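# Architecture at a glance
Each chain, letter by letter, is given below.
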There are 2 protein chains.
Amino acid sequence: MSRERQISVPNPIDLTAMNLPEDLASLTIPQCKLLCEAIRKLLIDTVMQTGGHLSSNLGVVELTLALHRNFHSPDDRIVWDVGHQAYVHKILTGRLDAFHTLRQENGLAGFPKPTESPHDTFITGHSSTAVSAACGIADAMRIRKNPHYAIAVVGDGASTGGMFYEGLNNGGKTRNNLIVILNDNNWGISKNVGAIAKYLANIRNSGDYVRTKWAVEQTLNIIPKVGKPIAGMLKRTKDRLKKNLIGSTLFDQLGFVYLGPIDGHDVEALDEVLDAAKQYHCPVLVHVHTIKGKGYAPAEQNPGEYHGVPRIDVESKNPEISTDECYSTVFGKELAAIAAKDKSVCAVTAAMKYGTALQFFAAEHPNRFFDVGIAEQHAVTFCAGMASMGMKPVFAVYSTFLQRGYDQIIHDVAIAKHHVVFAIDRAGIVGEDGETHQGIFDVSMLAAIPHMKVYSPAGYDELRLCLHAALHQDKGPVAVRYPRGQEPPSAAELPVDLRFSHIPGKQMLIITYGRISANALTAKKQLQAQGIDCGLLKLTTIVPLDAELLTIAMQYPNIAFFEESDELGGIGEQFAALLLEAGYHGNYFHNAIHGFVRQASVNRIFEKLGLTADAMVQTIREKLV
Amino acid sequence: MSRERQISVPNPIDLTAMNLPEDLASLTIPQCKLLCEAIRKLLIDTVMQTGGHLSSNLGVVELTLALHRNFHSPDDRIVWDVGHQAYVHKILTGRLDAFHTLRQENGLAGFPKPTESPHDTFITGHSSTAVSAACGIADAMRIRKNPHYAIAVVGDGASTGGMFYEGLNNGGKTRNNLIVILNDNNWGISKNVGAIAKYLANIRNSGDYVRTKWAVEQTLNIIPKVGKPIAGMLKRTKDRLKKNLIGSTLFDQLGFVYLGPIDGHDVEALDEVLDAAKQYHCPVLVHVHTIKGKGYAPAEQNPGEYHGVPRIDVESKNPEISTDECYSTVFGKELAAIAAKDKSVCAVTAAMKYGTALQFFAAEHPNRFFDVGIAEQHAVTFCAGMASMGMKPVFAVYSTFLQRGYDQIIHDVAIAKHHVVFAIDRAGIVGEDGETHQGIFDVSMLAAIPHMKVYSPAGYDELRLCLHAALHQDKGPVAVRYPRGQEPPSAAELPVDLRFSHIPGKQMLIITYGRISANALTAKKQLQAQGIDCGLLKLTTIVPLDAELLTIAMQYPNIAFFEESDELGGIGEQFAALLLEAGYHGNYFHNAIHGFVRQASVNRIFEKLGLTADAMVQTIREKLV
């Protein structure tokens, strides 16, 4: 981007008057600073209302601005890894007016969504995918002789995931227009204590890594086709960059030109490094050092507390971390208590210590607590390795992220019947995070795996019961799955049992499991009041299915199965097959989740899916007509 | 291991007279050489009969011997990554007598199997898991104050997998007795052209990487607790090791002490480096350079051809690569032909170019062919990235390895409905490779994912038809799955259709799909000859299920569904649920695969599973009584 193209622009604080993102390239540096201030204010005001990821977005205000100044989105294609830091990108690419609808039903998504804007090039939500996606985009550009750039913006936390490495290993062997921005903030580092984290911290903090020649110059020697004009251009910007550029070897070795570390809050420095990165026409990794929460007053006034995860996340209304009693904390406290008596119990998380409420365990049993970074594959096989030595590992993981460990559950845990406990948090509908984060596949995933046992408790007491059984009764792979948030108020009225509970009735049997059992009980009562006598069969052990369940169900002329999970491959389908093979000739109705589930509140989604008590009542009445 | 403990031993060539593995430590170096010769002869003689992985085992004869000389298995726990190179380990740990039963029904497994021997510490088969498993073992040892070692033996090919990196990143942050042996041979390198492969080749081949001080000395400076005695010991072996040790940085940066490269066919050098590795009591990576097929006469006489994959694999009876016509080659040739006309078609493999028969595509369209290494996660998302740019990527992958991409299919392909084609080879029973390699989960895996379409053609013609449809009719994610080997002789008699084929009958409807459709047709004919009139419903599109199928099936009083796939979450279960909800009141019987399937020939496994024509006839006759 040329510094000479500076033209008169509207007051940059008035975002609404700008033509975005085109006008950004014409702003002066002082105007950029004003714009960043305005964006920060908008972020804070909005996210405090809508919830969402505030700190990570405050950290990338300048970086996002610089990206849109130096690249031509969507011809140049920016892929935001994890995606929750794309709010600024949304603001700068035509979604300012809708920004107040963030994460609401029918509003802006909290993650990049191509159906929302052509500037959102690729759906993200799970970690460490962006380099691989950008590799595909860059190769497509090469084949099609498209001269534009594929840019992956990846946080340091995501650099602990194996996919990041697979992407670099494959990207690094090409000569494509592939640029990886490593957005390195202290946050990911403090959470993901691993070798790569230490390595990045070393680069940032140690003068020992400074080379006598800066990285761009050095790389010129190994790229013969970069000719004199570019070398000249590079030399001109050299002096300004030199002080910030420190050589690395890890990324060099993976085939990338390494540029960095760069102050991620200095738009001028970012302009220069991005402009330099564009000149290589080969894979470049730009290491940008940002401060999470930058410009957020509580953080600036009290940086010590700012680094404490629970405080800042409560303040930022991060819905991922709850300090109130909820399924997660019931699990976390109970596991810590169990581990005090049973010294073989270990706890493993993939960078979700607070999200899975393992902070209680970590505080009491630091010797047996493991945060492996965003590396679910490793976590599962690591647990299998511990189990092979007689330990009792518990992998606490969100349902949607356990998908990353599917092969490892089959191959490393189930074949050998290792006693690994999966504590599956966020199982079921999670709400505002939308399609990428709903926990609707763990049941079909695990139900198909031989030797698995799966519990789906309805409330806190049952969760505790299942956890004890999983650790002290069961022998092989076993999962306890429970939803995000708090148990329904009526959960306390439900019977508690490790296998199942049957409240007999006559006309119709309602079968369900997990959190919506409370809705089913309410529905049963409402129907009773309307003169319809329904039985309720609440499953706790959902895999494998108990033979006795079939005997119970066969006695009813009508069966309705409600499931807060994917319909295909789910328990309702399996139950139906067993009924049919057993010769059941009654009426069977199955209501589960069909397809991906868009963002909205959990209750609103339940309404749409027909899983509220009222909806169950209505469905059953219709089926009985 | 002390050199002084040399005692008189039986003639080391007579393996049967040795107490294994205990006697190994007492052998002199000349005796070791004789032993290695004897083992090579046994390997060649046996594997030429049984089939299996010859070259990789010939490459690790000295390494395996050295491991068992210097460690005390099974107290020290050796995890063999991928596992197909563990034959020598089996010979040296009490399974010499049974070695001729390798890969046969009820015989020795071709992979490590803890139920077979305590020396097989962990089941392996899929790639890149060993470091994670060893991390778990090492942490369990630390917690339990067990002073032994966890050793992961990993090939260079496996180093392209993200799990390897996740394992190193987590292992490298500990102070555990964790030793990673990187078994680096030219084979993996030539196949996995990636940045890490180039990097390893550089270490091996370039004098530029030699440091002035050897790695052990350097590392002493950063491990304060390693005191004088160990330093003295290290110094004594320094001179002999010095010439072989070249410093690295990549593994240092990930927290490992790097020792290497070592000549993997020099038992003395291996003894010394392993002894050194044991002294650190912190993570050590030993880089061993071996030659695949070492000692195999055809390879030694003609090293050029030895490096050509098809030749050596035919010669070594590697069952993974077929040059005869088979499902794989039919796919590979057809895709190459399609791509000649459609320039948007790209082909992707995860280190299985020959196994998936993509060599035809690679030769004709090198610009659009991608071997990403053993990195299925990356492969899937890379395809999604290409698809987002309008290309038509085809990921050819074995069913069992696609399990690694489960999350990426959901998250990166299905939500956005990217048009990615999955060519799923080895779908169904693969035979002698056993539990870790059977392709029995892809159907349940994909059936549960919204927006997926899955074809399961019965023979070659239908495979071609499905491939064309997948590329030119379908729009979203679509899979074509087909088995290992050749179509059944009677496949030519089957009708060919993209949706389904119905041959009407009266008493019983046989439903099935894929390769066993031929068995079903034979069964139908046999039953006809016995006066039993069965219809046959052969599905080609198995996901989603066609509504018309239900209409057809409802007309029959009896239905038998045969499925060469996992029962739970499979198509038969789904079909049953649809039938029950539609009010079907006939008899339904479902025969699919329940549990993991042990090694045997495909036909023998079909017999045991009841999926042969004869078994189908018998089952149907029983059900009709």
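Because the structure is a prediction, the values reported are computed rather than measured.

Each value, and the rule that gives it
Residues numbered from 1 in each chain as written. Chains lettered and ligands numbered in written order. Predicted model: local features only at pLDDT ≥ 70, side-chain atom pairs only at ≥ 80, totals over all residues. Helix = DSSP H or I, 4+ residues; strand = E, 2+ residues; numbered from the N terminus. Contact = placed C-beta atoms within 7 Å. Nonpolar A, V, L, I, M, F, W, Y, C, P; charged D, E, K, R; others polar. Expected span 1.5 Å × (residues − 1). Buried ≥ 20, exposed ≤ 12 C-beta atoms within 10 Å, placed from the backbone. Pairing = 2+ DSSP bridges. Axes fitted to C-alpha atoms, helices over the stretch in contact; angles between N-to-C directions. Domains from an automatic or database assignment. Least-squares fit on C-alpha atoms with pLDDT ≥ 70 in both. Parallel < 35°, antiparallel > 145°, perpendicular 65-115°, else oblique. Left-handed = near helix turned anticlockwise from the far one by under 90°. Right-handed = clockwise from strand over helix to strand, strands pointing away. pLDDT = per-residue confidence, 0-100.

### Looking at the overall build of chain A
- The helix and strand tally for chain A stands at 27 helices and 17 strands.
- Contacts in chain A between residues at least 24 apart in sequence constitute 77% of all its contacts with a sequence separation of at least 6.

### Some details on the interface of chain B and chain A
- Counting residues at the interface gives 87 residues for chain B, matched by 86 residues for chain A.
- Considering every element that reaches the side of chain B that touches chain A, the biggest residue donor is helix α5 (residues 130–143) of chain B, with 10 residues.
- Residue composition of the side of chain B that touches chain A, grouped by class: 43 nonpolar, 33 polar and 11 charged.

### Description of helix α23 (residues 517–529) of chain A
All names here are of chain A.
- Taking 1.5 Å as the rise per residue, α23 with 13 residues should run 18 Å; its terminal C-alpha atoms sit 18 Å apart, in good agreement.
- Where α23 is concerned, the buried positions are Ser517, Ala518, Asn519, Ala520, Leu521, Thr522, Ala523, Lys524 and Leu527.
- Immediately downstream of α23, the backbone of Gly531 shows phi near 85 degrees, a positive value.

### Structural notes on the sheet that holds strand β17 (residues 587–593) of chain A
Residues and elements named next belong to chain A.
- Read across the open sheet, the five strands follow the order β12-β14-β13-β16-β17; overall the sheet is mixed. Edge positions in the sheet fall to β12 (500–503) and β17, since each has one partner strand and no second. Within the sheet, the average angular offset between the axes of one strand and its neighbour, ignoring direction, is 15 degrees.
- In this structure, strand β16 (residues 558–566) lies alongside β17, joined through six bridges in parallel fashion. Each residue of the ladder has a partner; that of Asn558, found in β17, is Asn587.

### What about the domain arrangement of chain A?
All names here are of chain A.
- As assigned here, chain A comprises domain 1 (3–290), domain 2 (327–481) and domain 3 (498–624).
- Between domain 1 and domain 2, the contact holds 19 residues from the first and 12 residues from the second.
- Among the residues making up the side of domain 1 that touches domain 2, the classes are represented as five nonpolar, 12 polar and two charged.

### A look at the relation of the copies chain B and chain A
- Superposing chain B onto chain A takes a rotation of 180 degrees plus a shift of 0.0 Å along the axis, which leaves an RMSD of 0.0 Å. Classification of the inter-copy transformation places it as that of a two-fold axis.
- Interface overlap between copies is the fraction of interface residues in one copy that are interface residues in the other; for chain B against chain A it reaches 99%, indicating a shared surface.

### Structural notes on the packing of helix α23 (residues 517–529) of chain B against helix α27 (residues 613–624) of chain B
Residue and element names in this part refer to chain B.
- As a packed pair, α23 and α27 sit with axes 8 Å apart at the nearest point and diverge in direction by 50 degrees. When the interaxial angle is binned, α23 and α27 end up oblique. The way α23 lies across α27 gives a crossing that is right-handed. For the pair formed by α23 and α27, the contact residues are Asn519, Ala520, Thr522, Ala523, Gln526 and Leu527 on the first element and Ala613, Met616, Val617 and Ile620 on the second.
- Looking at side-chain class alone, the contact of α23 with α27 contains seven nonpolar, three polar and no charged residues.

### Examining the packing of helix α16 (residues 327–341) of chain B against helix α22 (residues 460–472) of chain B
Residue and element names in this part refer to chain B.
- Two elements in contact, α16 and α22, have axes whose closest approach is 10 Å; the angle formed by their N-to-C orientations is 40 degrees. Here α22 runs oblique to α16, going by the angle between their axes. The element α16 and its partner α22 pack so that their crossing is right-handed. Along its contact with α16, which presents Tyr327, Val330, Phe331, Glu334, Leu335 and Ile338, the element α22 presents Tyr460, Leu463, Arg464, Leu467, His468 and Leu471.
- Here the contact of α16 with α22 is composed, by residue class, of nine nonpolar, one polar and two charged.

### Thoughts on unusual backbone geometry
- In this chain, Leu20 of chain A is followed by Pro21 of chain A through a cis amide linkage whose omega measures 0 degrees.
- Within the secondary structure layout, Pro21 of chain A lies in the segment before α1 (29–50).
- At the junction of Gly260 of chain B and Pro261 of chain B, the peptide bond is cis and its omega measures out at -10 degrees in the coordinates.
- Its location among the elements puts Pro261 of chain B in strand β4 (residues 257–263).
- With a phi close to 55 degrees, Lys145 of chain A is a non-glycine residue in the positive phi region.
- In this structure, Lys145 of chain A sits in the loop between α5 (130–143) and β2 (150–155).

### So, the sheet that holds strand β8 (residues 392–398) of chain A
Residues and elements named next belong to chain A.
- Strand order in the open sheet made by the seven strands is β7-β6-β8-β9-β11-β10-β15, with mixed pairing throughout. Single-partner strands in this sheet number two, and they are β7 (369–371) and β15 (541–543). Pairwise comparison of adjacent strand axes, ignoring direction, gives a mean angle of 25 degrees for this sheet.
- Set on the sheet, helix α18 (residues 376–387) makes contact with β6 (345–349) and β8; between it and β8 the angle comes to about 165 degrees.

### Notes on helix α12 (residues 267–280) of chain A
Residue and element names in this part refer to chain A.
- Between its first and last C-alpha atoms α12 spans 21 Å; for 14 residues at 1.5 Å apiece the expected length is 20 Å, and the two agree.
- Most of α12 is tucked away: 10 of the 14 residues are buried.
- Among all positions in α12, only Val267, Ala269, Leu270, Asp271, Glu272, Val273, Leu274, Ala276, Ala277 and Tyr280 are buried.

### What about the pairing of β2 of chain A?
Residues and elements named next belong to chain A.
- Taken across its six residues, β2 has six buried, putting it largely inside the fold.
- Neither face of β2 is exposed, since Ala150, Ala152 and Val154 on one face and Ile151, Val153 and Gly155 on the opposite face are all buried.
- Here four bridges tie strand β1 (residues 77–80) to β2, and the two strands are oriented parallel to one another. Residue Val79 lies in a different strand from β2, and its bridge partner there is Ala152.
- One ladder, built from six bridges, connects β2 with strand β3 (residues 178–185); its direction is parallel. Along β3, the bridge assignment pairs Ala150 with Leu178.
- Handedness of the β2-helix α6 (residues 162–171)-β3 crossover: right-handed.

### Structural notes on the environment of Ser388 of chain B
- Note on placement: Ser388 of chain B falls in the loop between α18 (376–387) and β8 (392–398).
- Sequence separation between Ser388 of chain B and Ala416 of chain B is 28 residues; the distance between their C-alpha atoms is 9.0 Å.

### Thoughts on the confidence of the model for chain A
- Averaged over chain A, the pLDDT score is 87; the fraction of residues at 70 or greater is 84%.
- Predicted as a complex, the structure gets a pTM of 0.91 and an ipTM equal to 0.90.

### Focus: the environment of Cys36 of chain A
Residues and elements named next belong to chain A.
- Topologically, Cys36 is positioned in helix α1.
- Separated by 52 residues in the primary sequence, Cys36 and Val88 place their C-alpha atoms 9.6 Å from one another.
- If near-sequence neighbours (up to four positions away) are discounted, Cys36 is found in contact with Val61, Glu62 and Leu65.

### Remarks on the environment of Gly162 of chain B
- Relative to the elements of secondary structure, Gly162 of chain B occurs in helix α6 (residues 162–171).
- What makes Gly162 of chain B buried here is the crowd of 29 C-beta atoms within 10 Å.
- Separated by 17 residues in sequence, Gly162 of chain B and Ile179 of chain B have C-alpha atoms that sit 19 Å apart.
- Residues within four places of Gly162 of chain B in sequence aside, it is in contact with Gly162, Met163, Tyr165, Glu166 and Gln377 of chain A together with Ala375 and Gln377 of chain B.

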